[in-house]
Amino acid sequence: MSQPLDLVLADMTRVDEEIRSRLTTDVPLVQEVAQYIISAGGKRLRPALLLMMCGALSCDDPRRVTLAAVVEFIHTATLLHDDVVDESTLRRGRATANQAFGNAASVLVGDFLYSRAFQMMVDVNNMRVMEILSDATNVIAEGEVLQLMNMHDPSLDEHAYLRVIRSKTAKLFEASARLAPILAGADASLEATCATYGQALGTAFQVIDDVLDYEGDAQELGKNLGDDLREGKVTLPIICAMRQASESQKTVLTDAIVHGNADNLAEILKIINDTGALDAARKAAEGEAQRAIDAAAALPTNPHQAALLQLAASLLGRRS
């Protein structure tokens, strides 16, 4: 298998068609901003995960396409709001929506996408689906607030960091994976297995993303190296570095965290490398990827299950 997502390419085409049809609105600016960010590309990993999990469970319920579009709308809304909060200027190699259209338009179009997602959930007409996605949306919002509270805090530990990313990032992965067994009418045990896969995959995805902020290639990433530090975000590479750093190194890192200052990024990168922080963070991601692999191994054996196994393993090699 060349790429794990190849199995759902036909369904993803239908999801893209659903997204385009659901973006119809009489307000031109809403459509313009929404199209701008949705057309920016990206992996569409969350809707693809829902479709792959449906394939693994032999579920061909046509509502899977609508729910995959719902998941992408929720994700896109969070990106619009995130970039405003973080004052980001670059995403996927081009100007963020807030940079191109302003903060007010970005926030309000994010609200539109959330509300459109809930309209689509009503169309699906399944209370359990509504419960999962409304809960996920609420947890994501809590994660955003938690991250805001943790900004510029050099004392942040791994437990607090994981709480944020499991709320902010992994929760939508978990919900996407959980929707498939609900559509398939599976039992609670299988639903829990799918949810575990999604949560572990989402956690590994975010940890690797945070590693790449310090060792990736800016052109490949489509964003500037050290952006997390400039925004005052304390991520796992910094937490691991602080654990092993000398007092003088801790002083440098603390100053950068507290003031959101990445002017001496070269020195900070050297500290991160000298303390083995990136290796330690990657090891944590490996543990989460293995947890996802173990969950996928309990699913029915078929090509989609094999693709889920491959997807978890391939996360560790991602560069963008």
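Residues numbered from 1 in each chain as written. Predicted model: local features only at pLDDT ≥ 70, side-chain atom pairs only at ≥ 80, totals over all residues. Heavy atoms only, no water.

**Student:** How do you make sense of the pattern of salt bridges when you look at a structure like this?
**Tutor:** A pair can form between side chains of opposite charge whenever their charged atoms are brought close. Tallied over the entire structure, the rule returns 24 salt bridges. Residue Arg166 pairs with Glu288 through a salt bridge whose shortest N-O separation is 2.6 Å. Residue Arg166 is located in helix 8 (residues 158–168), and its partner Glu288 is located in helix 16 (residues 277–297); the two are separated by 122 residues in the primary sequence. Relative accessible area serves as the criterion here: at 27%, Arg166 is assigned to the partly exposed category. Judged by relative accessible area, which is 11%, Glu288 ranks as buried. With a shortest N-O distance of 2.7 Å, Asp274 and Lys270 are connected by a salt bridge. (Salt bridge = Lys/Arg side-chain N within 4 Å of Asp/Glu carboxyl O. Helix = DSSP H or I, 4+ residues; strand = E, 2+ residues; numbered from the N terminus. Buried < 20%, exposed > 50% of the residue type's maximum accessible area, 1.4 Å probe, protein only.)

**Student:** In this structure, what is going on with the environment of Arg230? I would like to understand it.
**Tutor:** Within the element layout of this structure, Arg230 appears in helix 12 (residues 227–230). The spatial distance from the C-alpha of Arg230 to the C-alpha of Asp263 is 8.8 Å, given a sequence separation of 33 residues. Ignoring any residue separated from it by four or fewer positions in sequence, one finds Arg230 in contact with Asn224, Leu225, Gly260, Ala262 and Leu265. Of note is the side chain of Arg230, whose polar atom sits 3.1 Å from the side chain of Asp227. (Contact = heavy atoms within 4.5 Å. Polar contact = N/O pair within 3.5 Å; in protein donor to acceptor, adjacent residues only side chain to side chain.)

**Student:** Please clarify how unusual backbone geometry should be interpreted in this entry.
**Tutor:** Excluding glycine, residues mostly have negative phi values, and the peptide bonds linking residues are mostly trans. With a phi close to 60°, Asn125 is a non-glycine residue in the positive phi region. Counting through the fold element by element, Asn125 comes out in the loop between helix 6 (103–124) and helix 7 (127–150). Despite not being glycine, His152 has its phi angle at roughly 60°, a positive value. Secondary-structure assignment places His152 in the loop between helix 7 and helix 8. Judged by its relative accessible area of 33%, His152 falls in the partly exposed class.

**Student:** Please explain the environment of Gln249 as it appears in this structure.
**Tutor:** Among the secondary structure elements, Gln249 is positioned in helix 14 (residues 247–259). Expressed as a C-alpha distance, the spacing of Gln249 and Thr275, which sit 26 residues apart in the sequence, is 9.7 Å. With sequence-adjacent residues up to four places away left out, Gln249 is seen in contact with Ile271 and Thr275.

**Student:** Would you explain the packing of helix 3 (residues 45–56) against helix 9 (residues 170–184) in this entry?
**Tutor:** It is the contact of helix 3 with helix 9, at a shortest axis distance of 8 Å, that shows an interaxial angle of 30°. Accordingly, the angle class assigned to the pair helix 3 and helix 9 is roughly parallel. Here the hand of the crossing between helix 3 and helix 9 comes out right-handed. From helix 3, Leu45, Arg46, Leu49, Leu50, Met53 and Cys54 reach across to helix 9, where they touch Leu172, Phe173, Ser176, Ala177, Leu179, Ala180 and Leu183. Its residues assigned to classes, the contact of helix 3 with helix 9 comprises 11 nonpolar, one polar and one charged. (Axes fitted to C-alpha atoms, helices over the stretch in contact; angles between N-to-C directions. Parallel < 35°, antiparallel > 145°, perpendicular 65-115°, else oblique. Left-handed = near helix turned anticlockwise from the far one by under 90°. Nonpolar A, V, L, I, M, F, W, Y, C, P; charged D, E, K, R; others polar.)

**Student:** Help me understand the nonpolar core in this model?
**Tutor:** Taken as a class, soluble globular proteins show a tendency for nonpolar side chains to be buried jointly. One finds Met53, Ile74, Leu133, Tyr197 and Leu308 to be the most contacted residues of the largest nonpolar core, which totals 72 residues. If one sorts the elements of this core by residue count, helix 4 (residues 63–86) sits on top with 11 residues. If we skip the residues at most four places from it in the chain, Met53 touches Ala177, Ala180, Cys194, Tyr197, Leu299 and Leu308. (Core = buried A, V, L, I, M, F, W, Y, C linked by side-chain atoms within 4.5 Å.)

**Student:** Would you take a moment to explain the side chain of Lys171 for this structure?
**Tutor:** With respect to the element layout, Lys171 can be found in helix 9. The class of Lys171 is buried, set by a relative accessible area of 14%. Leave out the neighbours within four places in its chain, and Lys171 touches Asp135, Ala136, Val139, Ile140 and Arg166.

That is the geometry; function is a separate question.
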